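A structural walkthrough
Residues per chain, in single letters:
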Amino acid sequence: MKTTFGRRTRVLAATTATAGLVLVAGCSSGDDGGSGTKTAAGGVELVKAGQLTTCTHLPYPPFQSEIDGKVQGFDVSLVDLVADDLGVKQAILDTPFENFKTGAFLNSGECDLAAAGMTITAERKKNVDFSDPYFEATQAVLVDKKSGITSFADLKGKKVGAQAQTTGEDYAKSKGLDPVSFESSDAVLNGLRTGQVQAVVIDYPVVQGWLKDKANADAFLLAEQINTGEQYGFTVRKGNTKLLAAINKALSEAKADGTYKKLYEKWIGPYDESAASPSPAA
């Protein structure tokens, strides 16, 4: 995943988000975010009445990004299922990714959960509780077709880009590369387009999304996929067992009734069954 420093925090309604506006979905005005109770179905305590507040970091398509003035994506759609079960609406808070590592916005009561195409790691588990994995991810090497690069092994001595504080950046560094760090996935792609780098290492689903665009498909080539054993999970404040149970229940039901498959095909591409059935979080 990614990070942006010094970014202005903003709240975006998942279904009606417009950049720069503060929108609160599913609740009336008031200091507590609404006049009703902050307890949702199943006894889940929410930080604001009437809404499930999600911390994310934009953009990170196909998991979350603004499309036609709305925040949409695979993560957004899955969390909407949780919100529906709780009888509330989802609202999205765009934050620096560094806060996800520490759980700062969860611990301060600004968000109920975090959803940002986030890899489950032992380090992050020290600060937050993860849901069951909802996505099995691999890394991809995307290159300029003129670069002559055909595999990860060819990256030595080349200008390589990666998104800051992501698995792709960590993997490249672990193999002795010194990647150029970009603050967002959009910046990574722009770096490749403008020749700042000849190749990038980033999550494969992101590359899948890029290559749907004909201009990208004409200019760039998927050189290799790398299985790093990476799994994504949603996070909640440590000890928030009721919300965690609600998230896991929604994920399990979506996989069982075909909803997960439909959302996967809508946002990511051809359905990969292995992505829907990773082992539960330890």
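Located above this text is the structure these notes cover.
This report concerns the structure included in the present document. (Residues numbered from 1 in each chain as written. Predicted model: local features only at pLDDT ≥ 70, side-chain atom pairs only at ≥ 80, totals over all residues. Heavy atoms only, no water.)

Structurally, the position occupied by Leu263 is in helix α10 (residues 259–267). In this structure Leu263 comes out as buried when scored by relative accessible area, which is 14%. Here Leu263 is in contact with Phe74, Ser77, Leu78, Leu81 and Ile268, once residues within four sequence places are set aside. (Helix = DSSP H or I, 4+ residues; strand = E, 2+ residues; numbered from the N terminus. Buried < 20%, exposed > 50% of the residue type's maximum accessible area, 1.4 Å probe, protein only. Contact = heavy atoms within 4.5 Å.)

Here we take up helix α7 (residues 204–211). Buried within α7 we find Pro205, Val206, Val207, Gln208 and Trp210. Its buried side turned inward, α7 meets β8 (135–144), α6 (185–193), β11 (199–203), α8 (214–219) and β12 (220–232).

A few words on the packing of aromatic side chains. Scanning the model with the defined rule gives 14 aromatic pairs in all. Pairing Phe63 with Phe135 gives two aromatic rings, centres 5.5 Å apart and planes at 80 degrees, and the pair type is edge-to-face. On the criterion of sequence distance, the pair formed by Phe63 in the loop between β2 (51–56) and β3 (65–67) and Phe135 in strand β8 is long-range, its members being 72 residues apart. Overall, Phe63 belongs to the buried group, its relative accessible area being 0%. (Phe/Tyr/Trp six-rings, centres within 6.5 Å; stacked < 30°, edge-to-face > 60°.)

This part takes up the state of the cysteines. Counted according to the given criterion, the structure contains one disulfide. Across a sulfur-sulfur distance of 2.1 Å, Cys55 and Cys111 are joined as a disulfide pair. An S-S torsion of about 75 degrees defines the bridge between Cys55 and Cys111 as right-handed. Separated by 56 residues along the polypeptide, Cys55 in strand β2 and Cys111 in the loop between α3 (104–107) and β6 (113–114) bring together distant segments of the chain. Each of the two residues, Cys55 as well as Cys111, counts as buried. (Disulfide = S-S within 2.5 Å.)

The biggest cluster of nonpolar side chains holds 46 residues, and the ones touching the most others in it are Leu52, Phe74, Leu86, Phe135 and Trp210. Breaking this core down by element, the ones donating at least two residues are α1 (74–86), β8, α6, β11, α7, β12, α9 (241–257) and α10. Excluding residues that lie within four positions of it along the chain, Trp210 makes contacts with Leu142, Ser185, Val188, Leu189, Val200, Ile202 and Asn216. If you look at the next biggest cluster of nonpolar residues, it comprises 13 residues, including Cys55, Phe100, Cys111 and Ala114. (Core = buried A, V, L, I, M, F, W, Y, C linked by side-chain atoms within 4.5 Å.)

With that settled, the discussion passes to the packing of α1 against α10. Two packed helices can be described by the angle between their axes and the distance between those axes. Where α1 meets α10, the closest approach of the two axes is 9 Å, and the angle between their N-to-C directions is 155 degrees. The pairing of α1 with α10 is recorded here as roughly antiparallel in orientation. For the element pair α1 and α10, the recorded crossing hand is right-handed. Along the contact surface, α1 presents Phe74, Ser77, Leu78 and Leu81, while α10 presents Thr259, Tyr260, Leu263, Tyr264 and Trp267. (Axes fitted to C-alpha atoms, helices over the stretch in contact; angles between N-to-C directions. Parallel < 35°, antiparallel > 145°, perpendicular 65-115°, else oblique. Left-handed = near helix turned anticlockwise from the far one by under 90°.)

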